[in-house]
Amino acid sequence: MSAAGDFGARLLDWFDRHGRHDLPWQQEISVYRVWVSEIMLQQTQVVTVIPYYQRFMARFPDVTSLARAPIDEVLHHWSGLGYYARARHLHRAARQVVEQHQGRFPETLEDLEALPGIGRSTAAAILSIACGQRHAILDGNVKRVLARHRGVEGWPGTTAVSRRLWALAEAMTPTARVADYTQAIMDLGATVCTRGRPTCGVCPVASDCVAHATDRQSLLPTPRPRREQPLRSTVMLIIRGPDGVLLERRPPTGLWGGLWGFPEVPSTGEAEPWCRRHLGTEAHEVHALAPFVHVFTHFRLHITPVRLWVKDPAASVMEAPGRVWYKPEARSELGLAAPVARLLDHIVHEDGEINGSHGELRLPG
DNA sequence: AAACCGGGGCA
DNA sequence: TGCCCAGGTTT
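**A closer look at the packing of helix α2 (residues 31-41) against helix α3 (residues 46-59)**
Okay, so step 1: At their nearest, the axes of α2 and α3 sit 10 Å apart, and the two run at 140° to each other. In terms of orientation, α2 lies oblique with respect to α3. In this structure, α2 meets α3 at a crossing whose hand is right-handed. When α2 is examined against α3, the residues Y32, R33, V36, S37, M40 and L41 are found in contact with a partner set consisting of V46, V49, Y52, Y53, F56 and M57.

Okay, structure coming up:
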C-alpha cells in the first residue's frame, strides 16, 4: 500500500470520529459560502471567524448582494479582522463574478485564480470542498503537517521547499472523499498538529511521522529568518468640531487602506498649520496626549495623539468627500483602524467624566 | 514580545 | 523569480 493512500485513509477515519462537522460554512455548502470562509480563515482562527462569518452572511447572503454593497459596508463588516486588502479583494471579486460570469462562480482552478484575492491554495480549497474536485491545498496548517510528517527541512517561504511541499500535498490527496480530506488535513493542523504543543498522542499519522520519531516537532517547519523591526512615528489629529470628530478616508492601498482615520501630520508642530491649510480655521485648546506604540509584525508605529477644537469650519470643509464628522458615541457604519477605534472609545469615556481637564491619555498595554 | 499567514505587487 | 507587505491574535 502506498504511503499516500494510507495517510489519507487514516486522516479520513480520524475526521469521521473527531473532526468538526458543524461549522457554519459546512452547512448549505456553496462556492460563495466556502469562498468567504476561506478568505476569513486565512488570517484568523475558527472561533474568532464564526461571529464575523454569520454577520457577513446575514448581510451579504449571496455574491450579488455583496457585489451591490458599498465598499464601506463591506469594510465595516470586516472591521477588526485585519488585512483589509482581503475585504477589498473580496468585494472586487464579487463584482467580477457578477459582471464577467453572470453571477455564477467559475469552477476551474484557472478561472478562480483569476479573481482578486484567490491564489492556488484558496482556489483548490474552494473547488475541493464545494465541488468535490480533486485538488491539493497547501495552507499554513497543511505545510506544518506535511513538513513534520515527512521531515521537510527549510523555511517554506523559499521556492525549493515550497515546491517540495506542494508535491507532497499532491501525492497525499486521495481520489475519493476529497472534500472531507481537505477539511481533515486542515483540521488536524488546527487542532492536533499545532504550532506550539502538538498532541501527537491522538494523531492518526504519528506512527510514521518523521518529526515525532526524531522529536523535532518544535523545529519543523523551519521558521522564517528573523528581521529587526524599524520604528516609525506619526501624529494623529483628534479634531473636534460642532458635529463630531474629523475622520478622513485613508488611501486605498497601504496601511489601513480604505479605512477611516484621523488626519496625520509628521510632527506635533504641524497640527495648527494643518487646520489653517485644510480647514481654513484656527485650532483651539491644542493638547498633545500621551504617545503610545502600536505594534505590527514588520514595524512599530509610535503614535502621538493631538487633541484640538475647531469652532467654525467652513461648510465646504464639512461636506468634502472622503471626510466625515464622526460622532463617537453613535457608532456609524465605518471601517476604523484599531488604534483609531481605541482613541475614539477613549473620547467617549472621557466625555462621560465630570472633569476631563487632565491631558493624559492612558491606554491599556 | 515574537510569530503567524496566502496573495498581490514590484524589481 | 524572489523579495516585501499587511495587522489582530495567539503563544
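That was the structure; now back to the text.
**Regarding the protein's contact with DNA strand B**
Okay, so step 1: The environment of DNA strand B is formed by 18 residues, the closest being R86, G117, T122, G140 and T297.
Okay, so step 2: Sugar and phosphate atoms represent 71% of those atoms of DNA strand B found within 4 Å of the protein.
Okay, so step 3: Contact distances for DNA strand B include 2.7 Å between a phosphate oxygen and a backbone N or O atom of G117.
Okay, so step 4: At 3.4 Å, a side-chain N or O of R144 approaches a phosphate oxygen of DNA strand B.
Okay, so step 5: Broken down by secondary-structure element, the contributors of at least two residues to the surface near DNA strand B are α6 (84-100), α8 (120-131) and α9 (140-149).
Okay, so step 6: Element by element, the count of residues in the surface near DNA strand B is highest for α8, at three residues.
Okay, so step 7: Classifying every residue of the surface near DNA strand B by side-chain character gives four nonpolar, eight polar and six charged.

**Topic: the packing of α9 against helix α11 (residues 178-191)**
Okay, so step 1: Relative to each other, α9 and α11 sit at 80°, their axes nearing to 8 Å. The angle between the axes of α9 and α11 places the two elements in the roughly perpendicular class. Residue-level contacts link N141, V142, R144, V145 and L146 of α9 to I185, M186, L188, G189 and A190 of α11.
Okay, so step 2: Taken together, the residues of the contact of α9 with α11 break down into seven nonpolar, two polar and one charged.

**Brief notes about the environment of G132**
Okay, so step 1: Within the element layout of this structure, G132 appears in the loop between α8 and α9.
Okay, so step 2: Setting aside anything within four residues of it in sequence, one finds G132 in contact with L127 and V178.

**Section: the packing of aromatic side chains**
Okay, so step 1: Using the criterion set out here, one finds eight aromatic pairs in the structure.
Okay, so step 2: Relative to F296, the ring of W256 has its centre 5.7 Å away and its plane inclined at 55°; by these criteria the two rings are tilted. Remark: F296 occurs in the loop between β6 (292-295) and β7 (300-309) and W256 occurs in the loop between β2 (244-249) and β3 (260-261); sequence separation between them is 40 residues.
Okay, so step 3: Residue classification places W256 among the buried positions, given a relative accessible area of 9%.
Okay, so step 4: Over the aromatic face of Y52 sits the side chain of R55, whose NZ or CZ is 5.0 Å from the ring centroid.

**Overview of unusual backbone geometry**
Okay, so step 1: Between L220 and P221 the backbone carries a cis peptide bond, its omega angle lying at -10°.
Okay, so step 2: With phi around 45°, E28 is a residue other than glycine that occupies positive phi space.
Okay, so step 3: Relative accessible area serves as the criterion here: at 67%, E28 is assigned to the exposed category.
Okay, so step 4: You will see that Y83, though not glycine, has its phi angle at about 50°, which is positive.
Okay, so step 5: Among the secondary structure elements, Y83 is positioned in the loop between α5 (71-78) and α6.

**A closer look at the side chain of R144**
Okay, so step 1: Of note, R144 is situated in helix α9.
Okay, so step 2: Among buried charged residues, R144 stands out as having no salt bridge; its nearest opposite-charge side chain is D139, 7.6 Å away.
Okay, so step 3: Setting aside residues no more than four positions away along its own chain, R144 makes contact with G189, A190, C193, T194, R195 and P221.

**Considerations on the layout of surface pockets**
Okay, so step 1: The calculated volume of the second largest pocket comes to roughly 240 Å³.
Okay, so step 2: Lining the second largest pocket, in full, are R224, P225, R226, R227, E228, Q229, P230, T297 and H298.
Okay, so step 3: Among the residues forming the lining of the second largest pocket, the class breakdown is two nonpolar, three polar and four charged.

**With respect to the pairing of β2**
Okay, so step 1: Taken across its six residues, β2 has five buried, putting it largely inside the fold.
Okay, so step 2: Both strand β1 (residues 231-241) and β2 contribute to a ladder of two bridges, which runs antiparallel. Its bridge partner lying in β2, R240 is registered against V245.
Okay, so step 3: Connecting β1 to the next strand, β2, in antiparallel fashion are two residues.
Okay, so step 4: Where β2 meets β3, two bridges bridge the pair, whose relative direction is antiparallel. Within β3, the residue paired with E248 across the bridge is G261.

The rules we used
- Residues numbered from 1 in each chain as written.
- Chains lettered and ligands numbered in written order.
- Predicted model: local features only at pLDDT ≥ 70, side-chain atom pairs only at ≥ 80, totals over all residues.
- Heavy atoms only, no water.
- Axes fitted to C-alpha atoms, helices over the stretch in contact; angles between N-to-C directions.
- Helix = DSSP H or I, 4+ residues; strand = E, 2+ residues; numbered from the N terminus.
- Parallel < 35°, antiparallel > 145°, perpendicular 65-115°, else oblique.
- Left-handed = near helix turned anticlockwise from the far one by under 90°.
- Contact = heavy atoms within 4.5 Å.
- Near = heavy atom within 4 Å.
- Polar contact = N/O pair within 3.5 Å; in protein donor to acceptor, adjacent residues only side chain to side chain.
- Nonpolar A, V, L, I, M, F, W, Y, C, P; charged D, E, K, R; others polar.
- Phe/Tyr/Trp six-rings, centres within 6.5 Å; stacked < 30°, edge-to-face > 60°.
- Buried < 20%, exposed > 50% of the residue type's maximum accessible area, 1.4 Å probe, protein only.
- Lys NZ or Arg CZ within 6 Å of the ring centre and 35° of its normal.
- Lys, Arg positive; Asp, Glu negative; His and termini not counted.
- Salt bridge = Lys/Arg side-chain N within 4 Å of Asp/Glu carboxyl O.
- 1 Å grid on protein atoms, 1.4 Å probe; cavity = no way out; pocket = protein on both sides within 12 Å on 5 of 7 lines; lining within 4 Å.
- Points joined across faces, edges and corners; volume = space filled by probe spheres on them.
- Pairing = 2+ DSSP bridges.

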